[in-house]
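Here are the chains, one letter per residue:
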Amino acid sequence: MKLKLDIVKYRWLCLCISAILLFPGVCSMIYSMITYDTHTPIKVGIDYTGGTTLQYSVQEGITNDKLASVRKNLEAKGIEKPALQIIHVNSQASDDLKAILSVRTKFIDEKSSALDTITGVMNSEFKSPELVQVASVGPTLGAELFKNSLIALSLALLGIIAYLTFRFQFDYALAAILGLVHDTLFVVGIFSILGLVYGVQVDALFVTALLTVIGFSVHDTIVVFDRVRENLKYYSKKMTFSEIMNGSINQTLARSINTSVTTLITLAALYFFGGVTTRDFVLAMILGIFIGTYSSIFFCSTLVDIWEDKNLSTKAFSS
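Residues numbered from 1 in each chain as written. Predicted model: local features only at pLDDT ≥ 70, side-chain atom pairs only at ≥ 80, totals over all residues. Heavy atoms only, no water.

Asker: How should the packing of aromatic side chains be read in this particular structure?
Answerer: Applying the stated criterion across every chain, the model contains 5 aromatic pairs. Ring plane angle 90° and centroid distance 5.2 Å describe the contact between tyrosine 271 and phenylalanine 272, whose orientation is recorded as edge-to-face. Residue tyrosine 271 is classed as partly exposed on the basis of its relative accessible area, which comes to 24%. Residue phenylalanine 272 is classed as exposed on the basis of its relative accessible area, which comes to 52%. When the ring centre of phenylalanine 126 is taken as reference, the NZ or CZ atom of lysine 66 above it lies at 5.5 Å. In this structure, arginine 279 is placed above the aromatic ring of tyrosine 271, and the distance from its NZ or CZ to the ring centre is 5.5 Å. (Phe/Tyr/Trp six-rings, centres within 6.5 Å; stacked < 30°, edge-to-face > 60°. Buried < 20%, exposed > 50% of the residue type's maximum accessible area, 1.4 Å probe, protein only. Lys NZ or Arg CZ within 6 Å of the ring centre and 35° of its normal.)

Structure (structure tokens):
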């Protein structure tokens, strides 16, 4: 087997890079769980908490000072804890529409005057704002959706864990499972940071993106591990396990990169030229594809190699 990229030689560097990638997100998740009223690691939207979101299109740019002024006036009018988010739009799509301001607050029923109050504040702050969308979810339904999302995510993980345990030996399965945790933590951590810095909220589409990322990640990892297992049949007496692992990674490297790049090109087109409503979903997919490709090559494979080295050292010491 030809060796082009020596992953095993720099396995501890790969693990350090993984730690660096995950550390900011994990810190942000812990901070969010402490500070948010929902005690969730990411800022969740009305799909899960219940409430009403109103989106107003405006014909001018929205600065941070203007955002603070809108929040102050809303609170002065009796709107409790309004969550504001600026949704930037493609400037080439319309010369008049510059941005959309999303206002999330407690559930507003038909008899409430809160809608008129919010619209009045927007009229005082912006020139000719237009209410383009109103979305409401009751607290009971929000809690039900949140529970169902957690159940769906847990069942998917359990199914993958069961399959990997049956399909591979323990060390391979454990490395693949840790890879899933690695990729999920990275995506959730980035969105946790975006929630703190830019007020980005996640909805049911985010769970869909996570499930897709998990499937892609484990698929890429299985391809590498299958090649390792095949090569062990023919080269186990001629080469060390580290050499076989390196060779297997190099044999599948072009396939992994080509698959990921073509997928990322499509997702990039959707992100920059698609609608604003799916932008966060597409971003989660982009992050997941990137980190899934990285983990299958540089994280999961190095874990297996470290495990095998430990087993060999234990056997040598025992003998």
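Asker: Looking at this structure, I do not really get the environment of threonine 278. What am I missing?
Answerer: Its place among the elements puts threonine 278 in the loop between helix 8 (241-273) and helix 9 (279-318). The partly exposed category is assigned to threonine 278, whose relative accessible area is 31%. Each C-alpha atom of the pair threonine 278 and leucine 205 lies 8.1 Å from the other, and the pair is 73 residues apart in sequence. (Helix = DSSP H or I, 4+ residues; strand = E, 2+ residues; numbered from the N terminus.)

Asker: Would you mind going over the pattern of salt bridges with me for this structure?
Answerer: Opposite charge on two side chains permits them to pair, given that their charged atoms come into close proximity. Counted under the stated rule, the structure contains 5 salt bridges. One salt bridge connects arginine 11 with aspartate 305, and the closest N-O pair in it is separated by 2.4 Å. Here the residue arginine 11 occupies a position in helix 1 (residues 11-35), and aspartate 305 occupies one in helix 9, the gap between them amounting to 294 residues. A residue is classified by how much of its surface remains accessible, and aspartate 305, at 0% relative accessible area, is buried. A salt bridge links aspartate 226 to arginine 229; its shortest N-O distance comes to 2.9 Å. Of the two residues, aspartate 226 and arginine 229 are both situated in helix 7 (residues 204-235); the distance of 3 residues between them amounts to about one turn of the helix. Looking at aspartate 226, the relative accessible area reads 23%, which means it is partly exposed. For arginine 229, a relative accessible area of 28% translates into the label partly exposed. (Salt bridge = Lys/Arg side-chain N within 4 Å of Asp/Glu carboxyl O.)

Asker: Quick question: what am I supposed to make of unusual backbone geometry here?
Answerer: A negative phi angle characterises most non-glycine residues, just as the trans form characterises most peptide bonds. With phi around 50°, serine 128 is a residue other than glycine that occupies positive phi space. In this structure, serine 128 sits in the loop between helix 4 (114-125) and strand 4 (130-137).

Asker: Any chance you could explain the pairing of strand 3 (residues 99-105) here in plain terms?
Answerer: Looking down a regular strand, the side chains alternate between one sheet face and the other. Among the 7 residues in strand 3, 7 count as buried, and that is most of the element. Neither face of strand 3 is open: one carries Ala99, Leu101, Val103 and Thr105, the other Ile100, Ser102 and Arg104, and all of them are buried. Relative to strand 3, strand 1 (residues 51-58) runs antiparallel, the two sharing 7 bridges. Each residue of the ladder has a partner; that of glutamine 55, found in strand 3, is serine 102. (Pairing = 2+ DSSP bridges.)

Asker: Please explain the nonpolar core as it appears in this structure.
Answerer: Where a protein is soluble and globular, its nonpolar side chains tend to be buried together. The biggest cluster of nonpolar side chains holds 54 residues, and the ones touching the most others in it are Leu164, Val187, Phe191, Phe206 and Phe225. Elements with a minimum of two residues in this core: helix 1, helix 5 (139-167), helix 6 (170-198), helix 7, helix 8 and helix 9. With 12 residues, the top contributor of residues to this core is helix 9. With near-sequence residues (within four places) excluded, phenylalanine 206 lies in contact with Ile42, Val187, Val188, Phe191 and Ala284. Counting 19 residues, the second-largest nonpolar core is a separate cluster that includes Tyr56, Val70, Ile86 and Ala99. (Core = buried A, V, L, I, M, F, W, Y, C linked by side-chain atoms within 4.5 Å. Contact = heavy atoms within 4.5 Å.)

Honestly, it's all geometry; don't read function into it.
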